[in-house]
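Below, each chain spelled out in residue letters.
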Amino acid sequence: MSQFDERKSAPIVRNLPGFYNDLDASLTHAWAMLARAAADRRAAFHTPVVATIDDDGAPSQRVMVLRAADPALRSLRVHTDLRSDKLRHVGRDARVSLNFYDAGAKLQLRVMGTATVHSGDEIARAAWTSSRPQGRLCYEQQEPPGSVIEKPLAELPVDRRFAESDDGLDNFAVLVVEVGAVEWLYLAIEGHRRARWNWLGTAWEGAWLAP
Ligand SMILES: Cc1cc2nc3c(=O)[nH]c(=O)nc-3n(C[C@H](O)[C@H](O)[C@H](O)COP(=O)(O)O)c2cc1C
(Lines give C-alpha, C1' and ligand atoms only; values in the text may rest on other atoms or scores of the structure.)
Protein backbone atom coordinates (compact mmCIF):
# COMPACT_ATOMS: atom_id res chain seq x y z
CA MET A 1 0.00 0.00 0.00
CA SER A 2 1.57 3.32 -1.09
CA GLN A 3 1.48 6.42 1.05
CA PHE A 4 -1.04 7.88 -1.45
CA ASP A 5 -3.41 4.97 -1.07
CA GLU A 6 -6.94 6.38 -0.78
CA ARG A 7 -7.86 3.96 1.97
CA LYS A 8 -5.29 5.65 4.19
CA SER A 9 -6.84 9.09 3.98
CA ALA A 10 -10.46 7.97 4.14
CA PRO A 11 -12.15 9.58 7.13
CA ILE A 12 -13.06 7.27 9.98
CA VAL A 13 -16.83 7.33 10.39
CA ARG A 14 -18.00 6.64 13.92
CA ASN A 15 -21.43 6.60 15.42
CA LEU A 16 -21.41 9.12 18.23
CA PRO A 17 -23.83 8.44 21.06
CA GLY A 18 -27.12 10.34 21.08
CA PHE A 19 -26.11 12.25 24.20
CA TYR A 20 -22.89 13.59 22.62
CA ASN A 21 -24.18 17.12 22.01
CA ASP A 22 -27.28 16.90 24.21
CA LEU A 23 -27.01 18.28 27.73
CA ASP A 24 -30.26 16.79 29.07
CA ALA A 25 -29.57 13.41 27.50
CA SER A 26 -26.08 13.41 29.03
CA LEU A 27 -27.46 13.89 32.55
CA THR A 28 -30.11 11.22 31.97
CA HIS A 29 -27.39 8.87 30.73
CA ALA A 30 -25.22 9.61 33.77
CA TRP A 31 -28.01 8.69 36.21
CA ALA A 32 -28.94 5.59 34.18
CA MET A 33 -25.34 4.39 34.35
CA LEU A 34 -25.25 4.99 38.11
CA ALA A 35 -28.52 3.12 38.66
CA ARG A 36 -27.34 0.20 36.51
CA ALA A 37 -23.94 0.07 38.20
CA ALA A 38 -25.46 -0.21 41.66
CA ALA A 39 -27.02 -3.50 40.62
CA ASP A 40 -24.09 -4.78 38.53
CA ARG A 41 -20.99 -5.90 40.38
CA ARG A 42 -19.00 -5.97 37.12
CA ALA A 43 -19.81 -2.36 36.17
CA ALA A 44 -16.91 0.06 36.54
CA PHE A 45 -19.20 2.58 38.23
CA HIS A 46 -19.94 -0.05 40.92
CA THR A 47 -16.81 0.93 42.86
CA PRO A 48 -16.37 4.72 42.95
CA VAL A 49 -13.72 6.61 44.86
CA VAL A 50 -15.44 8.46 47.70
CA ALA A 51 -13.76 11.55 49.10
CA THR A 52 -14.41 13.14 52.48
CA ILE A 53 -12.75 16.04 54.28
CA ASP A 54 -10.64 14.78 57.18
CA ASP A 55 -10.24 16.27 60.67
CA ASP A 56 -7.48 18.62 59.42
CA GLY A 57 -9.41 19.73 56.35
CA ALA A 58 -7.36 17.51 54.04
CA PRO A 59 -8.95 15.37 51.32
CA SER A 60 -9.37 11.69 52.21
CA GLN A 61 -10.35 9.07 49.63
CA ARG A 62 -11.28 5.42 49.49
CA VAL A 63 -13.00 2.97 47.14
CA MET A 64 -16.54 1.99 48.14
CA VAL A 65 -19.30 -0.13 46.63
CA LEU A 66 -22.22 1.78 45.18
CA ARG A 67 -25.36 0.14 46.61
CA ALA A 68 -28.12 2.30 45.15
CA ALA A 69 -28.63 5.32 42.90
CA ASP A 70 -31.98 7.07 42.60
CA PRO A 71 -32.30 9.84 39.99
CA ALA A 72 -35.71 10.94 41.30
CA LEU A 73 -34.37 11.44 44.83
CA ARG A 74 -30.94 12.55 43.55
CA SER A 75 -29.44 10.10 46.02
CA LEU A 76 -26.61 7.60 46.14
CA ARG A 77 -26.17 4.97 48.85
CA VAL A 78 -23.06 3.25 50.20
CA HIS A 79 -22.56 1.01 53.25
CA THR A 80 -19.83 1.23 55.84
CA ASP A 81 -18.74 0.61 59.43
CA LEU A 82 -20.15 3.06 61.94
CA ARG A 83 -16.71 3.25 63.60
CA SER A 84 -14.84 4.15 60.38
CA ASP A 85 -12.84 7.36 59.93
CA LYS A 86 -14.94 8.44 56.97
CA LEU A 87 -18.04 8.63 59.17
CA ARG A 88 -16.20 10.78 61.68
CA HIS A 89 -15.27 13.03 58.74
CA VAL A 90 -18.84 13.45 57.50
CA GLY A 91 -19.98 14.07 61.08
CA ARG A 92 -17.77 17.19 61.06
CA ASP A 93 -18.30 18.18 57.44
CA ALA A 94 -21.03 16.47 55.44
CA ARG A 95 -19.63 17.47 52.05
CA VAL A 96 -18.48 14.50 49.95
CA SER A 97 -17.35 13.94 46.39
CA LEU A 98 -17.50 10.69 44.45
CA ASN A 99 -15.47 9.88 41.36
CA PHE A 100 -16.75 7.31 38.87
CA TYR A 101 -14.69 6.23 35.86
CA ASP A 102 -15.71 3.71 33.23
CA ALA A 103 -12.89 3.17 30.73
CA GLY A 104 -15.14 1.22 28.33
CA ALA A 105 -17.79 3.93 28.35
CA LYS A 106 -15.06 6.60 28.21
CA LEU A 107 -16.87 8.47 30.92
CA GLN A 108 -15.82 10.14 34.15
CA LEU A 109 -18.40 11.50 36.58
CA ARG A 110 -17.57 13.71 39.52
CA VAL A 111 -20.50 13.84 41.88
CA MET A 112 -20.71 16.37 44.70
CA GLY A 113 -23.16 16.11 47.57
CA THR A 114 -23.92 16.05 51.25
CA ALA A 115 -23.93 12.86 53.28
CA THR A 116 -26.32 11.67 55.96
CA VAL A 117 -25.48 8.71 58.20
CA HIS A 118 -28.15 6.14 59.03
CA SER A 119 -27.62 3.60 61.77
CA GLY A 120 -30.19 1.70 63.81
CA ASP A 121 -33.06 3.23 61.83
CA GLU A 122 -35.41 1.91 59.15
CA ILE A 123 -33.04 2.79 56.30
CA ALA A 124 -30.13 0.95 57.96
CA ARG A 125 -32.25 -2.08 58.81
CA ALA A 126 -33.64 -2.34 55.26
CA ALA A 127 -30.12 -2.11 53.81
CA TRP A 128 -28.86 -4.71 56.30
CA THR A 129 -31.62 -7.13 55.39
CA SER A 130 -30.91 -6.73 51.67
CA SER A 131 -27.15 -7.24 52.06
CA ARG A 132 -25.54 -10.65 51.73
CA PRO A 133 -24.53 -12.66 54.83
CA GLN A 134 -20.94 -12.71 53.54
CA GLY A 135 -20.85 -8.90 53.50
CA ARG A 136 -22.39 -8.65 56.96
CA LEU A 137 -19.48 -10.57 58.47
CA CYS A 138 -17.12 -7.56 58.17
CA TYR A 139 -19.22 -5.69 60.68
CA GLU A 140 -18.73 -8.35 63.37
CA GLN A 141 -15.07 -7.41 63.74
CA GLN A 142 -14.35 -6.35 67.33
CA GLU A 143 -11.47 -4.02 66.45
CA PRO A 144 -12.64 -0.71 64.95
CA PRO A 145 -11.47 -0.35 61.33
CA GLY A 146 -8.19 1.53 61.13
CA SER A 147 -7.17 0.78 64.73
CA VAL A 148 -3.59 -0.37 65.28
CA ILE A 149 -3.43 -4.09 66.09
CA GLU A 150 -0.50 -6.13 67.42
CA LYS A 151 -0.70 -8.72 64.68
CA PRO A 152 -2.94 -9.56 61.71
CA LEU A 153 -6.37 -10.79 62.74
CA ALA A 154 -7.09 -14.53 62.73
CA GLU A 155 -7.76 -15.93 59.26
CA LEU A 156 -11.35 -16.72 58.40
CA PRO A 157 -11.98 -20.28 57.16
CA VAL A 158 -12.54 -19.96 53.41
CA ASP A 159 -15.05 -22.80 53.24
CA ARG A 160 -17.25 -21.37 55.98
CA ARG A 161 -20.97 -21.20 55.50
CA PHE A 162 -22.27 -17.68 55.88
CA ALA A 163 -24.82 -17.82 58.62
CA GLU A 164 -27.63 -15.29 58.77
CA SER A 165 -26.39 -13.33 61.77
CA ASP A 166 -27.30 -9.86 63.05
CA ASP A 167 -24.22 -9.63 65.28
CA GLY A 168 -22.69 -6.88 63.12
CA LEU A 169 -25.81 -4.75 62.86
CA ASP A 170 -24.74 -2.34 65.62
CA ASN A 171 -21.61 -1.47 63.61
CA PHE A 172 -23.42 -1.15 60.30
CA ALA A 173 -24.14 2.23 58.76
CA VAL A 174 -25.64 3.54 55.55
CA LEU A 175 -24.33 6.71 54.00
CA VAL A 176 -26.90 8.45 51.85
CA VAL A 177 -25.51 11.14 49.58
CA GLU A 178 -27.87 13.83 48.38
CA VAL A 179 -26.40 14.92 45.07
CA GLY A 180 -26.08 18.67 44.53
CA ALA A 181 -23.87 18.74 41.45
CA VAL A 182 -22.68 16.39 38.72
CA GLU A 183 -19.72 16.95 36.47
CA TRP A 184 -19.42 14.93 33.27
CA LEU A 185 -16.43 14.21 31.04
CA TYR A 186 -16.99 12.07 27.94
CA LEU A 187 -13.86 11.21 25.99
CA ALA A 188 -14.03 11.09 22.18
CA ILE A 189 -11.50 11.60 19.40
CA GLU A 190 -14.06 13.91 17.76
CA GLY A 191 -13.70 16.15 20.82
CA HIS A 192 -14.28 15.57 24.51
CA ARG A 193 -17.53 16.74 26.04
CA ARG A 194 -17.52 18.26 29.52
CA ALA A 195 -20.58 19.49 31.36
CA ARG A 196 -21.78 20.36 34.83
CA TRP A 197 -25.23 20.38 36.38
CA ASN A 198 -26.15 22.09 39.64
CA TRP A 199 -29.34 21.31 41.52
CA LEU A 200 -31.18 24.61 42.02
CA GLY A 201 -33.78 23.32 44.48
CA THR A 202 -36.44 22.45 41.93
CA ALA A 203 -34.50 21.58 38.77
CA TRP A 204 -31.06 20.86 37.37
CA GLU A 205 -29.26 23.69 35.64
CA GLY A 206 -26.68 22.41 33.20
CA ALA A 207 -23.90 24.02 31.19
CA TRP A 208 -21.24 22.80 28.78
CA LEU A 209 -17.69 23.39 29.95
CA ALA A 210 -14.51 23.59 27.93
CA PRO A 211 -12.90 20.17 28.34
C1 LIG B 1 -13.11 -2.84 45.77
C2 LIG B 1 -13.27 -2.23 47.14
C3 LIG B 1 -14.54 -2.02 47.64
C4 LIG B 1 -14.72 -1.46 48.91
N5 LIG B 1 -15.98 -1.25 49.36
C6 LIG B 1 -16.15 -0.65 50.57
C7 LIG B 1 -17.47 -0.31 51.02
O8 LIG B 1 -18.47 -0.52 50.34
N9 LIG B 1 -17.59 0.26 52.24
C10 LIG B 1 -16.49 0.54 53.03
O11 LIG B 1 -16.68 1.08 54.12
N12 LIG B 1 -15.25 0.24 52.62
C13 LIG B 1 -15.05 -0.33 51.41
N14 LIG B 1 -13.78 -0.62 50.97
C15 LIG B 1 -12.64 -0.32 51.86
C16 LIG B 1 -12.32 1.17 51.81
O17 LIG B 1 -11.68 1.47 50.58
C18 LIG B 1 -11.46 1.66 52.99
O19 LIG B 1 -10.24 0.97 52.99
C20 LIG B 1 -12.15 1.46 54.34
O21 LIG B 1 -13.53 1.70 54.27
C22 LIG B 1 -11.54 2.39 55.40
O23 LIG B 1 -11.76 3.73 55.02
P24 LIG B 1 -11.70 4.94 56.06
O25 LIG B 1 -10.59 4.59 57.05
O26 LIG B 1 -11.37 6.12 55.25
O27 LIG B 1 -13.01 5.03 56.76
C28 LIG B 1 -13.58 -1.14 49.71
C29 LIG B 1 -12.31 -1.33 49.17
C30 LIG B 1 -12.15 -1.86 47.92
C31 LIG B 1 -10.75 -2.06 47.39
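Preceding this section is the structure that the text describes.
Residues numbered from 1 in each chain as written. Predicted model: local features only at pLDDT ≥ 70, side-chain atom pairs only at ≥ 80, totals over all residues. Heavy atoms only, no water.

S.K.: Even after reading the chapter, I still don't get the nonpolar core, so can you show me in this structure?
M.R.: One recurring pattern in soluble globular proteins: nonpolar side chains tend to sit buried together. L34, F45, L76, L98, F100, L109 and W184 are the most contacted members of the largest nonpolar core, which totals 37 residues. Breaking this core down by element, the ones donating at least two residues are α2 (23-39), β3 (66-70), β4 (75-81), α3 (85-92), β5 (95-102), β6 (107-118), β7 (172-186) and β8 (193-199). Of all the elements, α2 adds the most residues to this core, at eight residues. Residues within four places of L76 in sequence aside, it is in contact with W31, L34, L66, A68, A69, L98, F100, V111, L175, V176, V177 and V179. Counting six residues, the second-largest nonpolar core is a separate cluster that includes A124, A127, W128 and V174. (Core = buried A, V, L, I, M, F, W, Y, C linked by side-chain atoms within 4.5 Å. Buried < 20%, exposed > 50% of the residue type's maximum accessible area, 1.4 Å probe, protein only. Helix = DSSP H or I, 4+ residues; strand = E, 2+ residues; numbered from the N terminus. Contact = heavy atoms within 4.5 Å.)

S.K.: I tried to follow the pairing of β6 on my own but got confused; where do I start?
M.R.: Consecutive side chains of a regular strand alternate in pointing toward one face of the sheet and then the other. Strand direction decides the pairing type here: β5 and β6, joined by eight bridges, are antiparallel. Opposite Y101, over in β6, you have Q108 as the bridge partner. In the sheet, β6 pairs with β7 via twelve bridges, with the strands oriented antiparallel. What sits directly across from T116, in β7, is V176. (Pairing = 2+ DSSP bridges.)

S.K.: Looking at this model, I keep getting lost on the site of the ligand. Mind explaining?
M.R.: Close contacts around the ligand come from R62, V63, M64, V65, H79, T80, S84, D85 and K86, and that covers them all. One of the backbone N or O atoms of V63 is found 2.8 Å from an oxygen atom in the ligand. Between the ligand and T80, the relevant distance is 2.6 Å, taken from an oxygen atom to a side-chain nitrogen or oxygen of the residue. Protein chains shield 58% of the accessible area of the ligand, which is 620 Å² for the free molecule. Counting residues per element, the ones that place at least two in the shell around the ligand are β2 (59-63), β4 and α3. By residue class, the composition of the shell around the ligand is three nonpolar, three polar and three charged. (Near = heavy atom within 4 Å. Polar contact = N/O pair within 3.5 Å; in protein donor to acceptor, adjacent residues only side chain to side chain. Areas by Shrake-Rupley, 256 points an atom, 1.4 Å probe, with all protein chains shown as cover. Nonpolar A, V, L, I, M, F, W, Y, C, P; charged D, E, K, R; others polar.)

S.K.: What is the right way to read the side chain of H118 from this model?
M.R.: Its location among the elements puts H118 in strand β6. Note on H118: relative accessible area 14%, which makes it buried.

S.K.: Sorry, what's going on with the pairing of β5 here?
M.R.: Here β5 shows a clear split, with V96, L98, F100 and D102 buried on one side and none of R95, S97, N99 and Y101 buried on the other. Pairing of strand β1 (residues 49-53) with β5 involves three bridges; the strand directions are antiparallel. Opposite V50, over in β5, you have L98 as the bridge partner. In this antiparallel pair of consecutive strands, β5 and β6, the connection spans four residues, and K106 shows a positive phi of 55°.

S.K.: Which parts of the structure should I look at to understand helix α4 (residues 122-130)?
M.R.: Residues that lie three or four places apart on an α-helix share one face, since the helix turns once every 3.6 residues. Within α4, the full set of buried residues consists of A124, A127 and W128. Each buried residue of α4 lies within a common arc of 100° when the element is viewed along its axis, so the set occupies one face. Of the exposed residues in α4, the ones pointing more than 90 degrees away from its buried face are E122, T129 and S130. In this structure, the buried side of α4 is in contact with β4, β6, α5 (133-136) and β7. The N-cap residue of α4 is D121: its side-chain oxygen and the backbone nitrogen of I123 are 3.3 Å apart. (Arc of directions from axis to C-beta.)

S.K.: Just to check I follow, could you spell out the side chain of E183 for this structure?
M.R.: Note that E183 resides in strand β7. A relative accessible area of 9% places E183 in the buried class. At 2.9 Å, the side chain of E183 and the side chain of R194 are in polar contact. Excluding residues within four positions of it along the chain, E183 makes contact with Q108, L109, R110, M112, R194, A195, R196 and L209.

Functional significance is not addressed by these values, which are geometric in nature.
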